[in-house]
Each structure stands twice: as C-alpha cells, then as structure tokens.
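So you can see what is in the structure, the chains are spelled out below.
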Amino acid sequence: MSKKQKRRKPRGGGQQHEQATPALERRAREALAAEHWRDAIAAYKDLVKREDRADWRQGLADAYAGRAGELTAKGMLKEALAIWENRAALGPKRAMAPEHAALLIRLGRPAAVVDLLTGGTADELPKAQREAIRAQLAARVLGGDVGLLEHLPVDEPVRRHAQAATAALAAYCEGDDAALQAALADIPFRSPYRDWVQILKALLRHVQAPAEAQSLLQRVDDDSAFAPMKRAATLSLMPETAFLDAAADAGPTLVRVACVLRGWPPARIALWEELARLENDPSPTALIRLLQRHRQVLGDDWVRRKSLSLAVHADSDDPEHWLYHVGGPEPDELESALLEAWTISPRDDAWDALDSWHRCAELLEQRWRTSKAPDPELALHIALLLRRGDAEGDILAPQVTPSGDPDDFDSIAAEQLEASLSWDPDDRATYLRLIGYYRRGRWLKNARRLLEQAQSRWPRDMALLEAAMDIALDAGSFKKAATLARQILAIDPINSAVRGRLVKAHLAHARKQVAKARTDLARKELATAHGWAGDEHTRERVALATSLLAVSDADAADTRTLREQIQAQLKQGAGLAMRLELAMAADGLGLSLGTLNRRLQLKKPTLRDRDDLVASLARLRAALDEDQEPSTETAQMLEGALPKAPWSALSRTELETACDTLKRSRLHKARQQAATTALKRWPGEPIFELHRFEAKYPRGFDFRAMKDLWTLEQALERAHDNGDTRTAMRIQEVLPGPGFGGAPPSLPPMPFPGAGNAADDMAVPEHVIDLMRILGIKKVLEILGAPPEVIRQVRDIERQLGEDAAHDMLVDLLDQGADLDPFGNWPAPDPEPPQRGRPRGRRRDDADDDDDMPEQLDLF
Amino acid sequence: MRDPYLVLGLDPDADDSAVERAYLEAVKHCPPERDAARFSAIRTAYEQLRTVRDRAAFALFDTTPPTPADVLDKAAPVGAPGRPERALIEALLRGES
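None of these values were measured; they are calculated from a predicted model. (Residues numbered from 1 in each chain as written. Chains lettered and ligands numbered in written order. Predicted model: local features only at pLDDT ≥ 70, side-chain atom pairs only at ≥ 80, totals over all residues. Heavy atoms only, no water.)

K.L.:
How should I be thinking about the overall build of chain B in this particular structure?
P.N.:
Looking only at helices and strands, chain B features six helices and zero strands. Along its sequence from the N terminus, chain B presents helices and strands in the succession α-α-α-α-α-α. When the 97 residues of chain B are sorted by exposure, 46% land in the buried category. The contacts in chain B between residues at least 6 apart in sequence include a share of 61% that link residues at least 24 apart. (Helix = DSSP H or I, 4+ residues; strand = E, 2+ residues; numbered from the N terminus. Buried < 20%, exposed > 50% of the residue type's maximum accessible area, 1.4 Å probe, protein only. Contact = heavy atoms within 4.5 Å.)

Laid out in structure tokens, this is it:
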C-alpha cells in the first residue's frame, strides 16, 4: 500500500509568511545564492505576492531556471518543462531560455520554438536568444529530426545550411574526408551549425594534433546545443587514467562515442561497462571473480599470476584459503611458498621472512636438480630468491657489523648472498655488499676473496677499485692503497673521495706512530697525507697537525711560530671555534691537549658570540661526520666554555641541530641547557622535550622524578597529534616500556596528576583492589586519573598476560606501594640505559621457543 | 601501478632488445608533454623490465594487483582511433547522453 507522500516543508519551517519583508528578501537572496532553488522559489513567490517588484520577479525567474536545470539533470524532463512554463508565465516579455527551448525540442514539442522564430513576435526576440534557439533546432535536425525543417521558412539559416551540415556528418562517419571538407566549406561562419563545424574540425585533428583539436573544442561553449558532442570529443582526448575517472560519471551514449574515438574495440567497451558496475576501487574478491569470468580472453597464466597477487591484498590471514573461497586457482608448492614469503613483513619477523625466501629458493633448486636441461633463467631466479631476504630486510645494511655468530641472521643472510653468487656470478652489487659487510667486521680475508672474484670479472670497475683500496687501507697496506688510488685517479681524476680516504688513513697511521712514540714516522705519514690532500682546507688541517706534532716534540722554533699565529688570530677575535680546531687536530694525533696548551701558553677558551657558537658546533659536527669524536680533554674544554652560550640567539632549526650535535658528542649538560632554552620559546615542543629528557638521564630514566616521564609522554601524544612520526618514534624508543628484561614498565605511578583527592579518599589499598574487581583495571586507573599512556601500557600487559595475571600484578604492586607509602611513588628500579637502535637478531633456536610463550614482564 | 608488460605492449617472454624497442616506440607516441602520467607509467614500466634480472625480479616479487586498465588492456587492447556510427552521434545530439 502506497503511503501518502509527506509534503516537504521549505527551510525555515514555513514561517516566512510571518516574516518581515526585509528578512524574507534576505532569505530569498541567500537561498538563490546557495542554489537552494525550492526555498528561493517559495521566498520569491511570497515576496512577489506582497509587492510586484521587477527584481523579485527576476529572482523568481532565476530560481525557476535553477530548479528546472536540476530536474533536467536528474532526467525528470516533464517536471523540468513544467517549471520552465512557470518561468515563462512570469511575463510575456520574458525571453525563452535556450534550455527551455532545448527541452521543448527534446520532448517532441518543437512547434513553440519554431513559432518563436517565425511568429509575429520574432522580431522582438533578442539576437543572442534567437541564435541559441536556432542552434538548438540545428542540433535536433542533425539528430535526425529533419521533419522540423518543413516548419521553417526557406530562408531560415537552420533550413538553408541543414543539407551541408548533414552531409558533413555523413562524410565524417563514412571516413570521406574530402567530402567532409567540401561540406564544411559550404557552411558559413555565422551559421547555427558553426559549433558543429568546430567539433568536426577538432575530430579531424584529434589523432595527429590533439592540442589543436583541444583548442578548437574550447571555442564551443559548454551550454551549446552541440555540447554533448564536444564533451565526447574532449573525453576522447583525455589521458587514459583521467578518461577512466571521467567516464564513470558520464552517460552511456557519450562514453560510447568517446570510446570509439579512442580506438576502443567493442569487447573493451563491454568489459569496461562490466568494470564500471563494480565499485570505484574494486575489492580483490570482485576483481578475482571478474578475472575468472574472463579467463579465456585474459589468458590462464596471466589470470593465475594476478590472482596470486590479489590474494596478497585480500583481507585475509590465509591467502590460500581466500583463493579457494573465492574460486581462484589452487597454488602449487612454489606458489604457496611465494604467497607465504610475499605476506611476511620483514619488519614483523625478519627470521620468518629470511626463511620463507630461502624455502622458495630451495624449491627452485630441486627443480634445477631434477631437470635434464634446466632453463638458465632458473639459476637467476634462485639467486634472486637467495638475495631477497637481505634486500627486503636490509639485513647487511651499511651500519650492520658481522655478529660473528653463525646462527645469527646477519651471518645467514651473508651465507645466502654468497650462495647466490654461485647461481648468478654477474651481480656486482652483491659482491660490493658482501665486501662492505666483511670489511666492517675486519674479516679482510673474506673481503679479499670476494674482491678477487669480482675483479676477475670487472678489473677496471671504479667501485671495486675503491673497495680494493679500502681493504688495503684496512690492512695498513699504504703502498698498495696508494697504487690503487693512482689507478682510480687515472680513470677519474676528480675523485676527491679517494684522496680524502687516503688522507684520513695516513692521519690515522700517524696517530698510531705517535702512540708508539715514533714521531719521526708520524711526520712522514703527515707529509704523505699532505701530498694526497686534494683541497686547501685539508692541506691546512694536515699542516696544523704537523705543527702540533712539532709542539708536542718541544720543537722551540715551531712552537714559537704556532704560538704567534694563534695569538694573532685571538687578537683578531678568534674564539672557541679556533680552539676547537686546534683541539680536534690534537685529538686526531692523540696528543695531549693540556700539554699543547701549556707549551702554546693558551688560557681557557672563551665563547665570543653567537657566530662563534654556530661555527664551533659546525666544526664539531664536521668532526663527528668523519667519525672523530672529541677526546675527554676536548669535551671538558667544551663543557667549560658552553655554559655561557647564547642559546637564545639561535633559531629553532639551529637549536635542533645543536641538540643533535651535542647528543652525538655526549655533551649532556650543554644539550640540556640548549633544550631548556628552546622550551622557553616553544613550550612543550616534543623534539626539545625529548632532548631535555635524554640529556637529563643520559644513562636511562631512573624512575625517581615521574613528572619528567609524564612530560615526555605528553610530548609523545603531541608529536602524534602533530603528525610528527619521526619524533614520536624517537620518544617511544626512549620511553621505558614493558618488555623482556628491558627497562621497567611505568606501571601505575600513582598518584596521577590531579588525582590527589581521589587517592586520599581511598587511602586503604583494599578499596582500590575491590574497585578493580568490580569496575575493571582500566576504569579504576581512569578514576585515579592515570595518564592515557599508563592506561595503554596496562592494557598492553592485560592483553599479553591475561586479565587475571594483570590484575594480580597490580594488586601486588599496590600492596607493595601501600607498605611503603600508600599511593606514593613505586620503588625505583636500577637505572637502565634507554633502548636504542636496531634490535639484534635473535638466534634461530630461540625462534620457535618464543612463539607460544607469553611475555613475562620483569616488574619487580 | 600498471602491469609493465601491458604498458609497453610486450609479451611475457620479451628480451632486452624487445623491451628497448617497445619503450622507444611508446615514448615516441606518448611524449611527456602529451600525457605526463602515461609517460611516467611508460618510464616506470621500462625500469621494471629493462634487464633480464629486472624481469626475473618482477616475475618473482611483484604483487601489485591488476588495475581495471590492466584488465582492459589484456582483454582487448586499444586499437586505432575510430569514427562513431552516425546513429550514435545522432542519439547524442538528440540529448540521449
């Protein structure tokens, strides 16, 4: 039974008849501007009833036109026509809108439109409107309604040019371009068919000169009677991706025209229509079913491979089961292994990832062994699978040094990489990766073995020559390194990196000689380093090191010269930066800074100003970048000079960089000072909260001042809120969290801020215990005002150990806390350094043991 | 991301020279100023298939799901641009969008 449709009330609740006229007029204008056509119609109608003003009538006419357009777009043509007729009824002098005329023609009622051109009032029709109506009639004639022409006078342009326009259409469709050009030539510029001419000209050019075609189409207005054809031609010129998006919103006829223009065969159009019926972003299930339906056309192999890919993206923990469930192909043994490897993230489990790729390689090796004439590409596939574990997990990354444990996963990854070279010995990158890995562990024998294999294939390869030089330097074979450097420079004369590495190596060797009290040999090393220095700055640094060595040797002349140079620089305003340069040069040779300062008669350094601070930090950073850490003496010198540093004169970026540099130099006091100064300007800024916390607890948080921990937890939340993932991750690394033998968890460090009264009211811990049983742990912690981070950690423990275990643990903690100081701070565990860096690989034997074992937290 | 074999119009057993030829041909027909997105797809496809090692890696490790454009290209590749039938254009001009 149909229900009586509830009549929609206009916005404003039908109160407008009671409204004052100015208010109603404002509402009408606002509704019109907001394209709320029905509200605008109601408001303007009311206004016109009150007073027949021309501007209100125009407003009503505009609202009618908008509403009619809305209905036309929805395909409600008759309803739209009724609205146009209401608009026309507003006054006999009101011109018929082209859309109105178009609708009349489209609904098979062209007589009224023709009458406008031929009737007694035709002369009163504005020129623009007359042209628009003519174009509507012209489009209709080309659409096949030639009977219209009989109602038009013989001299009417729509009738006079119809034959040429129709001939042009026929010639275009038949591919007769000569006839088309001839027909177009017969249509004058001011013809009602002129938009049609532009479109046909564009279509003639749309393959060879798309930009020109586009420009011709732009001459046709979007509200032209020929606009649908313009839209189809425009769609046909779009890039593929944009076309697929735009076509989804266009009508079927328009899309079909565009598809044909693009060269789409009927089968493609049909398949696209099928795809368009799926969601905008089809789900893997919908896609795989479509692939299966069209398997014959798409090809079995392609459908099979793409189905496996879709299984990886399906929302399922078991891709094979999903494939079975959706009617996909049944994977063979290798495909199953690949599916498993594809779905394991090395971030979640590096061991499983490494193992799964190795399993795939083993399966292919079996194929290789059982095949009488194995495909050479099979060997390449085996090699790539053996390399995949390392490539995906970056196991032998440049910062990784060999563990030395054959069961550790870096050793296994290296073993698999070496094995891959027996299947595919032409991969230079693998040789270099292994050489780098072995060099970092100073396993030079292994590095040399791989280098020899690689150089037998690529004897003049630059990267391999550089690796050979590095190995020679590692082994202290300076002559060999120099020979290799000359070879490299002969090929690449501007290779400054090679020179830099040689200088660094000779300086390091000079330091060794100083340590052995062989300053004569150290001088020779410095002289050689000077010879290899590729730029003035390096030469100056080597010269300074040579002078310092002379001072250390108590060479009176050299000491006097250097002292005079330094004094001159100090007079010119040199400050801490210059002294740091001296100190780092001394550190480079392992010379005593105190002794040098005494001989050079240097007092404690003074930080001059902002520029001196910035220059000092830059020098320190440059040294750290070259793996040169300041010695204890140098660090003490800096700690003495930096307390008066003008941190507030630095910009935010400079302060961030300064904090990082000071962190790397382990200058904790200065770093804390810099971060504290920054926090005065940018209160609560997560990155500076992190620096202040880390600098305050360089050996790890000691669980004494819980306020600092909460401040950092709040900084973590702010970093998350700001989308600053990097800082958030850095804070998370520093925050002590629950873990196996790691830092102690920050379990309920009550009383929480602002929860003092609640805690006082429940002075007896048993009450809290009862509450936990009744309300649950989370609720009680919320009542006590625990920070969200603490609640989250408790929830984590609850998930890991179960509700009962978490409950008992909290009860024990509360008991312990009550004995000491009810709701006071918990006993402070031993300080632990914050957990940092890449987690070490776990042993293979441990992997299985961990699988089902709940994580036991070391809470006490 | 598109299936590189379909972007370049290559058979699965294409060798280095076939990949090179297809790439040059594709770039000639679709320079960046004409369709930047398609040019970028062509370039990416070429990088994915350039050497035998690249093609083997694609075969073993690529898990990109097929896009609707892949399905269309595989089932019925785009042919030479055509001209619609007169009836289709007439229908469009009559307002049958």
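K.L.:
I'm lost on helix α26 (residues 444–457) of chain A in this one. Help?
P.N.:
Each α-helix winds once per 3.6 residues, and so residues spaced three or four apart point in a common direction. Residues and elements named next belong to chain A. Between its terminal C-alpha atoms α26 stretches 20 Å, which fits the 20 Å expected from 14 residues at 1.5 Å a residue. Looking at α26, one finds that the buried residues are Leu444, Ala447, Leu450, Leu451 and Ala454. Burial along α26 is one-sided: seen end-on, the buried residues are contained in an arc of 130°. Relative to its buried face, α26 has exposed residues pointing more than 90 degrees away, namely Lys445, Glu452 and Ser456. Those residues of α26 that are buried lie in contact with α24 (409–423), α25 (428–440) and α27 (462–474). (Expected span 1.5 Å × (residues − 1). Arc of directions from axis to C-beta.)

K.L.:
I keep staring at helix α22 (residues 350–370) of chain A and nothing clicks. Help me out?
P.N.:
If you check α22(A), its first and last C-alpha atoms are 31 Å apart, about what 21 residues at 1.5 Å a residue would give, namely 30 Å. With a side-chain oxygen positioned 3.1 Å from the backbone nitrogen of Trp351(A), the residue opening α22(A) is Asp349(A). (Polar contact = N/O pair within 3.5 Å; in protein donor to acceptor, adjacent residues only side chain to side chain.)

K.L.:
Can you walk me through the nonpolar core in this structure?
P.N.:
Among soluble globular proteins, nonpolar side chains are generally buried collectively. The biggest cluster of nonpolar side chains holds 131 residues, and the ones touching the most others in it are Leu137(A), Tyr193(A), Trp196(A), Phe226(A), Met229(A), Leu385(A) and Val71(B). The element that contributes the greatest number of residues to this core is helix α9 (residues 162–174) of chain A, accounting for eight residues. Leave out the neighbours within four places in its chain, and Val71(B) touches Leu271(A), Leu275(A), Leu287(A), Leu290(A), Leu291(A), Leu298(A), Trp302(A) and Pro66(B). The next biggest cluster of nonpolar side chains, apart from the first, holds 110 residues, and it includes Tyr437(A), Leu450(A), Leu484(A) and Ile731(A). (Core = buried A, V, L, I, M, F, W, Y, C linked by side-chain atoms within 4.5 Å.)

K.L.:
I'm lost on the interface of chain B and chain A in this one. Help?
P.N.:
Contacts between chain B and chain A engage 46 residues on the former and 69 residues on the latter. Overall, the association of chain B and chain A removes approximately 5000 Å² of surface from exposure, summing both partners, and the carbon and sulfur fraction of that is 68%. In terms of surface lost to chain A, no three residues of chain B exceed Arg53(B), Arg83(B) and Leu93(B), which account for 15% of the buried area on that side. Joining chain B to chain A, the criterion identifies five salt bridges. Linking Arg268(A) and Asp73(B) is a salt bridge whose minimum nitrogen-to-oxygen distance equals 2.7 Å. (Buried area = accessible area lost by both parts, 1.4 Å probe. Salt bridge = Lys/Arg side-chain N within 4 Å of Asp/Glu carboxyl O.)

K.L.:
I would appreciate a short explanation of the packing of helix α40 (residues 706–721) of chain A against helix α41 (residues 725–734) of chain A in the present structure.
P.N.:
The relative placement of two packed helices is expressed as an angle between their axes plus a distance between the axes. All names here are of chain A. Contact pair α40 / α41: the axes reach a minimum separation of 8 Å and the direction vectors enclose 155°. Relative to α41, α40 is oriented roughly antiparallel. Remark: the crossing between α40 and α41 carries left-handed chirality. Between α40 and α41, the residues in contact are Leu712, Ala715, Leu716, Ala719 and His720 and Thr727, Ala728, Ile731, Gln732 and Val734, respectively. A class-by-class count of the residues in the contact of α40 with α41 yields seven nonpolar, three polar and no charged. (Axes fitted to C-alpha atoms, helices over the stretch in contact; angles between N-to-C directions. Parallel < 35°, antiparallel > 145°, perpendicular 65-115°, else oblique. Left-handed = near helix turned anticlockwise from the far one by under 90°. Nonpolar A, V, L, I, M, F, W, Y, C, P; charged D, E, K, R; others polar.)

K.L.:
Help me understand the pattern of salt bridges in this model?
P.N.:
When their charged atoms lie close together, side chains carrying opposite charge are able to pair. One pass over the structure, following the stated rule, counts 56 salt bridges over all chains. Ionic pairing is found between Arg109(A) and Glu85(A), a salt bridge with its closest N-O pair at 3.2 Å. Taken together, the positions of Arg109(A) in the loop between α5 (98–106) and α6 (111–118) and Glu85(A) in helix α4 (residues 77–88) put the pair 24 residues apart, joining distant regions of the chain. The class for Arg109(A) is partly exposed, based on a relative accessible area of 42%. Across the pair Glu156(A) and Arg134(A) runs a salt bridge, and its minimum N-O distance is 2.7 Å. Of this pair, Glu156(A) sits in the loop between α7 (127–142) and α8 (157–160) while Arg134(A) is found in helix α7, placing the two residues 22 residues apart along the sequence. Taken as a pair, Glu156(A) and Arg134(A) share a single burial class, namely buried. In the salt-bridge network here, residues are joined through shared partners; they are Glu240(A), Arg262(A), Arg268(A), Arg2(B), Asp70(B) and Asp73(B).

K.L.:
What is the right way to look at the environment of Arg652(A) in this model?
P.N.:
Residue and element names in this part refer to chain A. Among the secondary structure elements, Arg652 is positioned in helix α37 (residues 652–664). A residue is classified by how much of its surface remains accessible, and Arg652, at 28% relative accessible area, is partly exposed. C-alpha separation for the pair Arg652 and Phe688, spaced 36 residues apart in sequence, amounts to 9.9 Å. Every residue in contact with Arg652, bar those within four places of it in the chain, is listed here: Trp682, Glu685, Ile687 and Phe688.

K.L.:
Could you clarify how one ought to interpret the side chain of Arg671(A) in this entry?
P.N.:
All names here are of chain A. As for its placement among the helices and strands, Arg671 is situated in helix α38 (residues 668–681). One polar contact links Arg671 to His691, side chain to side chain, over a distance of 3.0 Å. With sequence-adjacent residues up to four places away left out, Arg671 is seen in contact with Cys659, Leu662, Lys663, Leu690, His691, Glu694 and Ala695.

K.L.:
Sorry if this is basic, but what is going on with the packing of aromatic side chains here?
P.N.:
With the rule as written, the count across this model stands at 14 aromatic pairs over all chains. Arranged with centres 6.5 Å apart and planes meeting at 70°, the rings of Trp264(A) and Trp272(A) form a pair that is edge-to-face. The class for Trp264(A) is buried, based on a relative accessible area of 4%. Judged by its relative accessible area of 10%, Trp272(A) is buried. Relative to Phe61(B), the ring of Trp357(A) lies with its centre 5.1 Å away and its plane at 85°, an arrangement referred to as edge-to-face. Pair noted here: Trp357(A) is in helix α22 and Phe61(B) is in helix α4 (residues 52–61), and the two residues belong to different chains. Of the two residues examined, Trp357(A) and Phe61(B), each falls in the buried class. An aromatic cluster is built from Phe243(A), Trp264(A) and Trp272(A), whose rings are joined through pairwise contacts. (Phe/Tyr/Trp six-rings, centres within 6.5 Å; stacked < 30°, edge-to-face > 60°.)

K.L.:
Is there a simple way to think about unusual backbone geometry in this case?
P.N.:
Trans is the common state for peptide bonds, and a negative phi is the common state for residues other than glycine. All names here are of chain A. For Arg442, which is not glycine, the phi dihedral falls at a positive 55°. Located in the positive-phi region is Ala517, a residue other than glycine, with phi close to 65°. Within the secondary structure, Ala517 is located in the loop between α29 (496–515) and α30 (519–532).

K.L.:
Whenever I open this one, the confidence of the model for chain B confuses me. Can you help?
P.N.:
In regions of low pLDDT, the predicted coordinates are not meant to be interpreted in detail. With 100% of its residues at a pLDDT of 70 or more, chain B shows a mean pLDDT of 92. At the low end of the mean pLDDT range in chain B sits helix α5 (residues 68–75) of chain B, at 92; at the high end sits α4(B), at 96. (pLDDT = per-residue confidence, 0-100.)

K.L.:
Even after reading the chapter, I still don't get the packing of helix α12 (residues 210–218) of chain A against helix α13 (residues 227–237) of chain A, so can you show me in this structure?
P.N.:
Residue and element names in this part refer to chain A. Contact geometry for α12 and α13: axes closest at 10 Å, N-to-C directions at 155°. Here α12 lies roughly antiparallel to α13, going by the angle between them. In the crossing of α12 with α13, the sense of the turn from one axis to the other is left-handed. Residue-level inspection shows Pro210, Ala213, Gln214 and Leu217 of α12 in contact with α13, the latter providing Lys230, Ala233, Thr234 and Leu237. Grouping the amino acids of the contact of α12 with α13 by side-chain chemistry returns five nonpolar, two polar and one charged.

K.L.:
What is the right way to look at the environment of Asp587(A) in this model?
P.N.:
All names here are of chain A. Mapped onto the fold, Asp587 is located in helix α33 (residues 576–589). Sequence-wise, Asp587 and Thr634 are 47 residues apart; in three dimensions their C-alpha atoms are separated by 7.8 Å. Ignoring any residue separated from it by four or fewer positions in sequence, one finds Asp587 in contact with Arg511, Gln628, Glu629, Pro630, Ser631 and Thr634. A distance of 2.7 Å separates the side chain of Asp587 from the side chain of Ser631, its partner in a polar contact.

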